[in-house]
Amino acid sequence: MTAGYIWTAPNTAIGLIAGGADYLAGLATGTHPEIHIANNAFQFVNLPWGSGESALTLGNVQLYHDSNPGSFGPRYDDGSGLVQYGPHEQAHTYQYQVLGPFFLPTYFFSGGISANNPFEVSADNYAQRIGGWWP
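Remember, predicted model here, so these are calculated numbers, not experimental data. (Residues numbered from 1 in each chain as written. Predicted model: local features only at pLDDT ≥ 70, side-chain atom pairs only at ≥ 80, totals over all residues. Heavy atoms only, no water.)

Peer 1: Residues and numbers for the overall build of the chain, please.
Peer 2: Each helix and strand in the chain was counted, giving five helices and six strands. Relative to a compact globule of 135 residues, whose C-alpha radius of gyration would be 14 Å, the chain shows 14 Å and is just as compact. Each principal axis of the C-alpha distribution contributes one length, and for the chain these read about 40 × 35 × 25 Å. Taking all 135 residues of the chain together, the buried fraction comes to 43%. Counted over contacts in the chain with a minimum sequence separation of 6, partners at least 24 positions apart contribute 51%. Working note: accessible area of the chain is about 6,800 Å², and carbon and sulfur atoms make up 65% of it. (Helix = DSSP H or I, 4+ residues; strand = E, 2+ residues; numbered from the N terminus. Rg over C-alpha atoms; globule rule 2.2 N^0.38 Å. Buried < 20%, exposed > 50% of the residue type's maximum accessible area, 1.4 Å probe, protein only. Contact = heavy atoms within 4.5 Å. Areas by Shrake-Rupley, 256 points an atom, 1.4 Å probe, with all protein chains shown as cover.)

Spelled out as C-alpha cells, the structure:
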C-alpha cells in the first residue's frame, strides 16, 4: 500500500494543513487537542472547530471534533448497531489510497455525506466487521 500513500499524498497534505490549523486553534483556546498515529492515519483529536460529534478523513489524516476514534455513532443508513469512528474513518483512508486525487469528486458524485453513498455504507460495514471497506 506504499503506492497508495503516495497516490493520496495531495489529499493527506490538505488534511495535515487543516488539522494543523485546527490543532493550533485548539492550543490557543485551551481545548487540549492531541495528535496520534493509528487507524492508518495521523489523527487530530479534540479539535475545536466543527459542530457536534464528527470526524473527517482527508487522505491519511483524520480530524475528530467532539469525538475520538473510540467513539461510537449511528450508521449512515440507519441500520442496526453502532459504528466506531476509528475503523469507519480507517476504511476511508483505504478508499483514498485507491482513488487518490479522484476520491473527493467520486465521493461527492456518489451522494456525499448521506445514507445513499456506497463509500459511507461500506465504511460502516468495515467498522462493524460485516463487510469490506470498498463499496
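Peer 1: Provide a residue-level description of a nonpolar patch on the surface, including the pertinent values.
Peer 2: A cluster of nonpolar side chains, namely L16, I37 and F42, defines an oily patch on the protein surface of about 290 Å² accessible area. Among the residues examined, I37 registers a relative accessible area of 69% and is labelled exposed. (Patch = residues over 30% accessible without salt bridge, like charges linked within 9 Å, V, L, I, M, F, W, Y side chains within 5 Å. Salt bridge = Lys/Arg side-chain N within 4 Å of Asp/Glu carboxyl O.)

Peer 1: Just give me the short version of the packing of helix α3 (residues 85-99) against helix α5 (residues 118-127), but keep the residues and values in it.
Peer 2: Any two packed helices are characterised by how steeply their axes cross, that is the angle between the axes, and by the distance between the axes. Close contact between α3 and α5 brings their axes to 8 Å; oriented N to C, the two are set at 130°. When the axes of α3 and α5 are compared, the pair comes out oblique. Along this stretch, α3 crosses α5, giving a crossing that reads as right-handed. For the pair α3 and α5, contact is made by P87, H88, Q90, A91, H92, Y94, Q95 and L99 and by F119, E120, S122, A123, D124, Y126 and A127, respectively. (Axes fitted to C-alpha atoms, helices over the stretch in contact; angles between N-to-C directions. Parallel < 35°, antiparallel > 145°, perpendicular 65-115°, else oblique. Left-handed = near helix turned anticlockwise from the far one by under 90°.)

Peer 1: Tell me about the pattern of salt bridges, residues and numbers included.
Peer 2: Where charged atoms of side chains with opposite charge meet at close range, the side chains can pair. A full pass over the atoms with the stated rule returns one salt bridge. The partner of D77 in a salt bridge is R75, and the shortest N-O contact between them spans 2.8 Å. You can call R75 buried: its relative accessible area is 7%.

Peer 1: Requested: an account of the sheet that holds strand β2 (residues 41-47), with residues and values cited.
Peer 2: Spatially, the four strands line up as an open sheet ordered β1-β2-β4-β3, and their pairing is mixed. Of all the strands in the sheet, just β1 (34-38) and β3 (54-58) have a single pairing partner and so form its edges. The sheet shows a mean angle of 20° between the axes of neighbouring strands, taken without regard to direction. Relative to strand β4 (residues 61-65), β3 runs antiparallel, the two being bridged by five bridges. In the sheet register, T57 faces β4, and the bridge partner there is Q62. (Pairing = 2+ DSSP bridges.)

Peer 1: Tell me about the packing of aromatic side chains, and please be specific about residues and values.
Peer 2: Scanning the model with the defined rule gives eleven aromatic pairs in all. Taking the centre distance of 5.5 Å and the plane angle of 35° together, the rings of F103 and Y107 count as tilted. Of the two residues, F103 and Y107 are both situated in helix α4 (residues 103-109); the distance of four residues between them amounts to about one turn of the helix. Residue classification places Y107 among the buried positions, given a relative accessible area of 7%. On the numbers, 6.4 Å between centres and 50° between planes, the contact of Y107 with F119 is tilted. (Phe/Tyr/Trp six-rings, centres within 6.5 Å; stacked < 30°, edge-to-face > 60°.)

Peer 1: Can you tell me about α5, naming the residues and giving the values?
Peer 2: Burial analysis of α5 places seven of its ten residues in the buried class, which makes it a mostly covered element. F119, E120, S122, A123, D124, N125 and A127 are the residues of α5 that are buried. For α5, the elements touching its buried residues are β6 (82-84), α3 and α4. The N-capping residue of α5, defined by a side-chain oxygen 2.8 Å from the backbone nitrogen of F119, is N117. One or two positions beyond α5, positive phi appears at R129, with a value near 60°. (Polar contact = N/O pair within 3.5 Å; in protein donor to acceptor, adjacent residues only side chain to side chain.)

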